[in-house]
Amino acid sequence: MQSSMMEKLSFLYKPYVLAVLTIGYIAGELGHYLIGVTSKATAIELVYGDQACQQNHTDFLRHELPAQCAEFIIEQECHQQHINGTVYCEWNYNGLGLEYQLLAGPSFIAVFTVMGVVLGVAADRYNRVRMLFVCTLVFAVAILLQGTVKEYWHLILLRMVMAAGEAGCNPLATGIMSDIFPESKRALVMAIFNWGIYGGYGIAFPVGRYITKLDIGGLGWRICYYGTGVLALIMAVLTGTTLREPERQSIGEDAAGKAKVNLWKALLQPRVLLLMFAASIRHCGGMTFAYNADLYYNIYFPDVDLGWWLFAVTIGIGSIGVVVGGIVSDKFVAKMGIRSRVACLAISQLLATPFAFGSVYFEPLWAMITLGISYFFAEMWFGIVFAVLVEIVPLQVRSTTIGVFLFVMNNIGGNLPILVDPLAKAIGYRGSVMFFYAGFYGISTLLFFVTMFFMDGPKPTASSAPTIGHDPTSHANHVEMGHENNTFQPDDYLPSPHTNGANGHRNIVSVRPSESSRL
């Protein structure tokens, strides 16, 4: 009876896996992005970053002030600004500066990228579920401990530990999902999972702003890290106790053993390099906004509370964009080939770019409207990129390739935003954010467009494939066996007559979940 019940509920396992992996990723990204929202409170308590003249917590609106606080660069002048004897400016840490940019970006990225490669290589050889459990446990503990820090360097160290654990999430989870979901749902599944980045980022706004203000138990900003760490610990336990390692997909092993795959030859394909560079530039635009959005809107519109607006845009509209991007990509690829996925990337970023400019140009109302439109198109990109990637590299090095891809993408896209601070000192904070955020969206559009021409077009249909007796090694013969994910073929692999089945076809890759074996 119990066995029969389990069989009836077995259809829920795949959605359950996706839910556990996604929520765990959200918890990790929430811990990652909280610093961008709590930075001012954290800087005041831990003493780091820049000091500046800012509007204090009075009820005055910006248009009621005789002079804006940000105009004063001398502390004494800042304290002299008042309305009928009520001082409306204060000189304090603003959460910005080089120390903040180092804390938000390079300290995290340096470890995240290196460990991503290491864990990607390990994922191709060892049990991914167990590794993911350990990784989730590591970043959960690191997030918890961030709530206890007393010094700036404590925060730096714990963000590095957090990065080491979180680095395993994407390559490990992507490998697991690729082995349990069919190609027809791949982009949508990848999009939902990778939405965890934006989910964690979006939730950081209300958590970092409003939970900090509640000052629960006198803990202020620290309670945000405690709560996030507890959630991550729960997901670590669920990962380790309820998920099982899926069998890896068959990649056309012959009677003599596995075909060798040259990792570097796979990585150095022009289409992989172009996709990697385009994704890096796009990632820089996203990271610039992620690290600076809350601080930017607080500085330019201190009397307007945009916390819930930012949450609604990133979680609500961003989520719709992620799902729509995955569905459209999956529908088009069946008819137009992998090239159509990259076309979706280029078009979506092209549509997002002008509205991204608007989100940092207009006043609050139109800034949020244009941000919402931008987010709808912009957030289509991440899941589609990895759906493309797993289709153009051999399965034997899939997780390793994802690790290397993330290493490059995060080193470029994650570290370039550190230049926001020096450029802001030259042209202003708004102009600097506009350049690295919306400007890099536009540059990535051009790069994705160029990359599209290096991808394969529509696959031949089964009716156009050669009949039995034709060349068994031809690409057309692959079609009847299902989608061929092994698009890269090493020079030292030659088909043998012994590898052909009774129907004269090579025993090539089938990515359907029912066809699986060890790598």
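Rules of the game
- Residues numbered from 1 in each chain as written.
- Predicted model: local features only at pLDDT ≥ 70, side-chain atom pairs only at ≥ 80, totals over all residues.
- Heavy atoms only, no water.
- Helix = DSSP H or I, 4+ residues; strand = E, 2+ residues; numbered from the N terminus.
- Contact = heavy atoms within 4.5 Å.
- Areas by Shrake-Rupley, 256 points an atom, 1.4 Å probe, with all protein chains shown as cover.
- Buried < 20%, exposed > 50% of the residue type's maximum accessible area, 1.4 Å probe, protein only.
- Arc of directions from axis to C-beta.
- Core = buried A, V, L, I, M, F, W, Y, C linked by side-chain atoms within 4.5 Å.
- Domains from an automatic or database assignment.
- Disulfide = S-S within 2.5 Å.
- Salt bridge = Lys/Arg side-chain N within 4 Å of Asp/Glu carboxyl O.
- Phe/Tyr/Trp six-rings, centres within 6.5 Å; stacked < 30°, edge-to-face > 60°.
- Lys NZ or Arg CZ within 6 Å of the ring centre and 35° of its normal.
- Polar contact = N/O pair within 3.5 Å; in protein donor to acceptor, adjacent residues only side chain to side chain.
- Expected span 1.5 Å × (residues − 1).
- Axes fitted to C-alpha atoms, helices over the stretch in contact; angles between N-to-C directions.
- Parallel < 35°, antiparallel > 145°, perpendicular 65-115°, else oblique.
- Left-handed = near helix turned anticlockwise from the far one by under 90°.

**Let's talk about the overall build of the protein**
Point 1. A count of helical and extended segments in the protein gives 19 helices and four strands.
Point 2. Long-range pairs, those at least 24 residues apart, make up 83% of the contacts in the protein between residues at least 6 apart in sequence.
Point 3. Approximately 21,700 Å² of the protein is accessible, and the part contributed by carbon and sulfur atoms is 67%.

**Side note on helix α18 (residues 420–427)**
Point 1. Of the positions making up α18, those classed as buried are V420, D421 and A424. Along the axis of α18, the buried residues cluster in a sector spanning 95°; they form a single face. Exposed side of α18, more than 90 degrees from the buried face: K425, A426 and I427 are the residues found there.
Point 2. Residues of α18 that are buried in the fold lie against α4 (98–104), α12 (270–300) and α19 (429–452).

**Describing the nonpolar core**
One broad trend across soluble globular proteins is that nonpolar side chains are buried collectively.
Point 1. L21, M177, Y297, L371, W381 and F405 are the most contacted members of the largest nonpolar core, which has 132 residues in total.
Point 2. When residues are assigned to domains, this core turns out to be shared by domain 1 (12–48 + 96–247) and domain 3 (266–457), each giving three or more.
Point 3. Discounting chain neighbours no more than four positions away, the residues touching W381 are Y198, A279, R282, H283, L345, Q349, M409 and F448.
Point 4. F60, C69, F72 and I83 belong to the second largest nonpolar core, which has 11 residues in total.

**Quick look at the state of the cysteines**
Point 1. Summed over the entire model, instances satisfying the criterion amount to two disulfides.
Point 2. Disulfide pairing is shown between C53 and C78; the S-S distance is 2.1 Å. In this structure the cystine formed by C53 and C78 twists about its S-S bond by roughly 85°; its chirality is therefore right-handed. With C53 in strand β1 (residues 51–55) and C78 in helix α3 (residues 75–79), the pair connects residues that are 25 residues apart, well separated along the chain. Each member of the pair, C53 together with C78, is buried.
Point 3. One disulfide bridge connects C69 with C89, the sulfur atoms lying 2.0 Å from each other. Residues C69 and C89 are joined through a disulfide that is left-handed, its torsion about the S-S bond being -90°. With C69 in the loop between β1 and α3 and C89 in strand β4 (residues 89–93), this pair connects stretches of sequence that are 20 residues apart.
Point 4. Exposure remark for C69: the relative accessible area of 4% places this residue in the buried category.
Point 5. With a relative accessible area of 3%, C89 lands in the buried category.
Point 6. Disulfides within the protein link the bonded cysteines, taken in sequence order, as 1-3, 2-4.
Point 7. C169 takes part in no disulfide bond, and the closest cysteine sulfur, belonging to C135, lies 6.8 Å away.

**Focus: the pattern of salt bridges**
Point 1. This model, assessed by the stated rule, comprises nine salt bridges.
Point 2. One salt bridge connects K425 with D50, and the closest N-O pair in it is separated by 3.8 Å. Of the two residues, K425 sits in helix α18 while D50 sits in the loop between α2 (13–46) and β1, which places them 375 residues apart along the sequence.
Point 3. The salt bridge partner of D421 is K425, with a shortest N-O separation of 3.0 Å. With a gap of four residues between them, D421 and K425 both fall in helix α18, about one helical turn apart.

**Quick look at the packing of aromatic side chains**
Point 1. In this structure the tally under the stated criterion is 24 aromatic pairs.
Point 2. With 5.2 Å between their ring centres and 15° between their planes, Y210 and W308 make a pair best called stacked. With a gap of 98 residues between them, Y210 in helix α9 (residues 186–214) and W308 in helix α13 (residues 307–336) connect regions that are remote in the sequence.
Point 3. The exposure class assigned to Y210 is buried, which follows from its relative accessible area of 16%.
Point 4. R244 extends its terminal NZ or CZ atom over the ring of Y13, reaching a point 3.9 Å from the ring centre.
Point 5. Here the guanidinium or amino end of R430 rests over the ring plane of Y300, the centre of that ring lying 4.6 Å away.

**Describing the environment of Q101**
Point 1. In this fold, Q101 is placed in helix α4.
Point 2. Exposure remark for Q101: the relative accessible area of 4% places this residue in the buried category.
Point 3. Put simply, Q101 and G49 are 52 residues apart on the chain and 9.0 Å apart in space, counted from C-alpha to C-alpha.
Point 4. Residues within four places of Q101 in sequence aside, it is in contact with P106, N292, P417, I418 and D421.
Point 5. Of note is the side chain of Q101, whose polar atom sits 3.5 Å from the side chain of N292.

**Observations regarding helix α8 (residues 169–180)**
Point 1. The terminal C-alpha atoms of α8 lie 17 Å apart, and with 12 residues this matches the ideal 16 Å at 1.5 Å per residue to within 8%.
Point 2. Counting buried residues in α8 gives 12 out of 12 residues, a clear majority hidden from the surface.
Point 3. Regarding α8, the residues found buried are C169, N170, P171, L172, A173, T174, G175, I176, M177, S178, D179 and I180.

**Overview of unusual backbone geometry**
Point 1. Even without glycine at this site, V47 takes up a positive phi of about 60°.
Point 2. By the element assignment, V47 lies in the loop between α2 and β1.
Point 3. Of note, N84 is a non-glycine position whose phi angle comes to about 55°, a positive value.
Point 4. On the basis of relative accessibility, which here comes to 78%, the residue N84 falls in the exposed class.

**Description of the packing of helix α5 (residues 106–123) against helix α6 (residues 128–146)**
Point 1. Between α5 and α6, the shortest axis-to-axis distance is 10 Å and the interhelical angle comes to 155°. Comparing the axis directions of α5 and α6 gives the class roughly antiparallel. Helix-helix and strand crossings are classified by hand; for α5 and α6 the assignment is right-handed. For the pair α5 and α6, the contacting residues are L119, A122 and A123 in the first and R128, M131 and C135 in the second.

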